[in-house]
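Observations on the three-dimensional arrangement
The lines below spell out each chain.
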Amino acid sequence: MSGLLAITLISCGSQTQQGGDSPETQAMSGSATMTVQDAQDHPGKKVYDNYCKACHMSDGKGIKGMHPPLVNNATVNGKPGKLIDITLNGMMGKVTIDGVEYNGIMPPHNHLTDKQIADVLTYVRQNFGNRSRAITVDQVRKLR
Ligand code: HEC
């Protein structure tokens with residue numbers, strides 16, 4: 001089911017201007033708008049709560065100067081490769097994010113399955129006000 005969701009989310013980019021009421025169009029517009037209710041039900045929320053929330057907080061805003069925000073964040077909403085890499089392998093060293101300096105340690109999460117990583121990153125990219133494309137299990141598998 002989440003595979004289907006990922007596919008429809010990936011293909012929804014150009015659908016806003018189209019009229020018509022084919023089942024395909026309806027399915028796409030249905031999944032393009034993720035409501036709070038949807039986000040609460042997303043399988044990635046559980047992964048986030050278990051593995052990310054302690055540092056990046058339940059609202060994704062992090063703790064200034066310690067754990068960077070995932071809201072409005074260029075890495076989170078940018079190319080999937082870098083985001084997947086950081087999540088799998090962790091990161092450390094000085095970075096400036098949103099004008100604030102961080103020099104902490106983000107632990108690796110390569111003990112999670114490809115699906116858990118895809119789910120949590122999709123959740124992060126489509127929650128907290130972020131509106132980026134889903135991350136697929138395939139994208140994670142290729143980088144592991
Ligand atoms: C132990 C605390 C901790 C946990 C748990 C944690 N992070 Fe992090 N995360 C950090 C820190 C600290 C940094 C910044 C590292 C640095 O200063 O170089 C970071 C950086 C990041 C970045 C890069 C931000 C940027 O703009 O470069 C992303 C994306 C990220 N974390 C996502 C996640 C996700 C997704 C999870 C859960 C699977 C997670 N983190 C779990 C502490 C944590």
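Scroll up to find the structure this text is about.
A few points on the structure.

Reading the values: rules and limits
- Residues numbered from 1 in each chain as written.
- Predicted model: local features only at pLDDT ≥ 70, side-chain atom pairs only at ≥ 80, totals over all residues.
- Heavy atoms only, no water.
- Donors = N, O, S within 2.8 Å, 3.2 Å for Na, K, Ca; no water.
- Tetrahedral: all angles 85-135°; square planar, octahedral: opposite > 155°, others 65-115°.
- Helix = DSSP H or I, 4+ residues; strand = E, 2+ residues; numbered from the N terminus.
- Buried < 20%, exposed > 50% of the residue type's maximum accessible area, 1.4 Å probe, protein only.
- Near = heavy atom within 4 Å.
- Polar contact = N/O pair within 3.5 Å; in protein donor to acceptor, adjacent residues only side chain to side chain.
- Nonpolar A, V, L, I, M, F, W, Y, C, P; charged D, E, K, R; others polar.

With that settled, consider the coordination of the iron atom of the ligand. Within the first shell, the iron atom of the ligand binds the protein through His56 (NE2) and Met106 (SD), at distances of 2.0 to 2.1 Å. For the iron atom of the ligand, the six donor atoms are set out with angles of 87 to 180° between them, so the coordination reads as octahedral. Here Met106 lies in strand E4 (residues 105–106) and His56 lies in helix H5 (residues 53–56), a separation of 50 residues in the sequence. Judged by its relative accessible area of 10%, His56 is buried. For Met106, a relative accessible area of 21% puts it in the partly exposed group.

Turning our attention to the site of the ligand. Taken together, 26 residues form the shell around the ligand, and within it Cys52, Cys55, His56, Gly93 and Met106 come nearest. Contacts to the ligand include Gly93, whose backbone N or O atom sits 2.6 Å from an oxygen atom. One of the backbone N or O atoms of Gly104 is found 2.8 Å from an oxygen atom in the ligand. Only H5, helix H6 (74–77), helix H7 (80–89), strand E1 (91–92), strand E2 (95–97) and E4 provide two or more residues apiece to the shell around the ligand. Of the residues contributing to the shell around the ligand, the split by class is 18 nonpolar, eight polar and no charged.

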